[in-house]
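Examining the three-dimensional arrangement
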Amino acid sequence: MGIVNSFLSPGQFLFVFLSMIRVALMGTGNVAQHLFEAFLNHSQIEVVQVVGRNKKALEYFGKSTKTDSNAKFSEKADIYLIAVSDDAFPLMAYSIIGLNGLVVHTSGSSSLEVLPKTVRRGVFYPLQTFTANRTVDFTKIPICIEAENSSDINLLNTLASLLSNHVISVNSEQRSKLHLAAVFINNFTNHLYFIGQQISENAQIPFDTLFPLIQETANKLETLAPFDAQTGPARRGDAKTLKKQLRQLEKSDFKEIYTLLTRSIAKTYGQKL
Ligand SMILES: NC(=O)c1ccc[n+]([C@@H]2O[C@H](COP(=O)([O-])OP(=O)(O)OC[C@H]3O[C@@H](n4cnc5c(N)ncnc54)[C@H](OP(=O)(O)O)[C@@H]3O)[C@@H](O)[C@H]2O)c1
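Residues numbered from 1 in each chain as written. Predicted model: local features only at pLDDT ≥ 70, side-chain atom pairs only at ≥ 80, totals over all residues.

Focus on the overall build of the protein chain
Per the secondary structure count, the protein chain includes 11 helices and 9 strands. Taking the principal axes of the C-alpha coordinates as reference, the protein chain spans close to 65 × 40 × 30 Å. Counting every position in the protein chain, which comprises 273 residues, the buried fraction comes to 25%. Looking at the protein chain alone, contacts between residues at least 24 apart form 52% of all its contacts between residues at least 6 apart. (Helix = DSSP H or I, 4+ residues; strand = E, 2+ residues; numbered from the N terminus. Buried ≥ 20, exposed ≤ 12 C-beta atoms within 10 Å, placed from the backbone. Contact = placed C-beta atoms within 7 Å.)

Laid out in structure tokens, this is it:
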């Protein structure tokens, strides 16, 4: 994984300061909307078109740029960003095959190869969780870029560096591992919050009572490795508490998750339960 330096070469410097980067977007979902907002706020990026299949969703983009509801690009762009669901890539090939610019997707787990061979291909993966109506600070979001030649890497680096202070060059294999790590760190953790919310609210205790704990759990990673930060009955090998808590859980899925995570923690710290 290479950090693409945040200092621009003279060529890139000239490109950034003399040219506008023309971007066209496919997709109208969470990532498309967040990228669109970030691009609009940047004077050196012009969003020339947004295409998709959802007419209602396109109305939002249509206030500021051209749109097409047949998912067909008609405007010339330097970079075409494909921000659709991973499973839809093969279906979108018909809209991509003849494009002249650099075509990139925004997926963490999909290889660059999912894009048609007939175009210049790349990846522009912002490593963050994007949700409707949640503003994010793009300057802090790592943007993982990949392309098949150095001039396209430079172009993606230029675009990414206009948004973020943290641009990294990763290959498809590294990116899919990064995405796997992100699924554990974000998606699974959030599901555990959901379970915690159900348990606390069933006991008539507001979920926000647990907010300081959630915050400190994340904050302490600034100074401690996750291995050192672990606390709780499974790490201590506190068998009585573990049995009691397992009995307190009513749903069989939650019991299974509790048992599996307990086993993994105990094994990590050499506890025999
Ligand atoms: N959300 C995140 O946190 C996040 C972070 C980084 C990267 N990504 C990646 O970014 C990409 C987009 O994710 P997202 O979160 O923006 O997804 P999303 O909010 O679910 O939006 C998906 C978009 O794809 C379109 N789409 C789905 N199936 C389609 C099909 N068969 N034909 C045409 N269009 C189709 C949807 O159109 P309709 O509205 O008509 O269904 C919608 O515009 C994915 O590759 C994802 O892995 C997501």
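Quick notes on the packing of helix H10 (residues 239-248) against helix H11 (residues 252-268)
To describe two helices that pack against each other, one gives the angle between their axes and the distance between the axes. At their nearest, the axes of H10 and H11 sit 9 Å apart, and the two run at 160° to each other. Regarding the angle of H10 to H11, the classification is roughly antiparallel. Judged by the twist between their axes, the crossing of H10 over H11 is right-handed. Residues Leu242, Gln245 and Leu246 of H10 lie in contact with H11, whose contacting residues are Lys255, Tyr258, Thr259 and Thr262. For the contact of H10 with H11, the class distribution of residues is 3 nonpolar, 3 polar and 1 charged. (Axes fitted to C-alpha atoms, helices over the stretch in contact; angles between N-to-C directions. Parallel < 35°, antiparallel > 145°, perpendicular 65-115°, else oblique. Left-handed = near helix turned anticlockwise from the far one by under 90°. Nonpolar A, V, L, I, M, F, W, Y, C, P; charged D, E, K, R; others polar.)

Examining the nonpolar core
Counting 45 residues, the largest nonpolar core has Leu25, Met26, Leu81 and Ile82 as its most contacted members. Residues in contact with Ile82, not counting those within four places in the same chain, are Met26, Gly27, Met92, Ile96, Val103, Val104 and His105. (Core = buried A, V, L, I, M, F, W, Y, C linked by C-beta atoms within 7 Å.)

With respect to the site of the ligand
The environment of the ligand is made up of 24 residues, and the closest members are Gly29, Val31, Val84, Ala88 and Ser107. Residue assignment for the shell around the ligand shows that the elements contributing at least two residues are helix H2 (30-40) and strand E7 (120-126). (Near = placed C-beta within 6 Å.)

Quick word on the pairing of strand E8 (residues 143-147)
Of all 5 residues making up E8, 5 are buried, and the element is well covered by its neighbours. On E8, burial covers both faces: Ile143, Ile145 and Ala147 on one face and Cys144 and Glu146 on the other are all buried. Looking at chain direction, E7 and E8 are connected through 5 bridges and run antiparallel. The partner of Pro126 across the bridge, within E8, is Ile143. When E8 meets strand E9 (residues 167-169), the two strands line up parallel, connected through 3 bridges. Its bridge partner lying in E9, Cys144 is registered against Ile168. Considered for its hand, the β-α-β crossover made up of E8, helix H5 (residues 150-163) and E9 is right-handed. (Pairing = 2+ DSSP bridges. Right-handed = clockwise from strand over helix to strand, strands pointing away.)

Structural notes on H2
Every buried residue of H2 is accounted for by Val31, Ala32, Gln33, His34, Leu35, Phe36 and Phe39. Taken together, the buried residues of H2 touch strand E2 (21-26), strand E3 (45-51), helix H3 (55-62) and strand E5 (79-82).

As for unusual backbone geometry
Its identity is not glycine, yet Ala71 carries a phi of approximately 55°, on the positive side. Within the secondary structure, Ala71 is located in the loop between strand E4 (66-68) and E5. Here Asn133, not a glycine, exhibits a phi torsion of approximately 65°, which is positive. Looking at where Asn133 falls in the secondary structure, it is placed in the loop between E7 and E8.

Thoughts on the environment of Ile96
In this structure, Ile96 sits in helix H4 (residues 89-96). Considering only alpha carbons, one finds Ile96 and Lys177, 81 residues apart in sequence, at a separation of 27 Å. In contact with Ile96, other than residues within four places in its own chain, are Ile82, Val103, Leu115, Pro116 and Val119.

Observations regarding the domain arrangement of the protein chain
Here the protein chain is partitioned into domain 1 (2-170) and domain 2 (176-268). Its C-alpha centre places domain 1 at a distance of 35 Å from the equivalent point of domain 2. Taken together, the residues of the side of domain 1 that touches domain 2 break down into 3 nonpolar, 3 polar and no charged. (Domains from an automatic or database assignment.)

Brief notes about the pairing of E5
The side chains of a regular strand alternate between the sheet's two faces. Side chains Ile79 and Leu81 project from E5 onto one buried face, and the interleaved Tyr80 and Ile82 project onto a second face that is buried too. The pairing of E2 with E5 spans 4 bridges and is parallel. Each residue of the ladder has a partner; that of Ala24, found in E5, is Tyr80. Where E5 and strand E6 (residues 102-105) come together, 4 bridges link them in parallel fashion. Counted as the bridge partner of Ile82 is His105 from E6. Once you follow E5 into H4 and on to E6, the crossover reads as right-handed.

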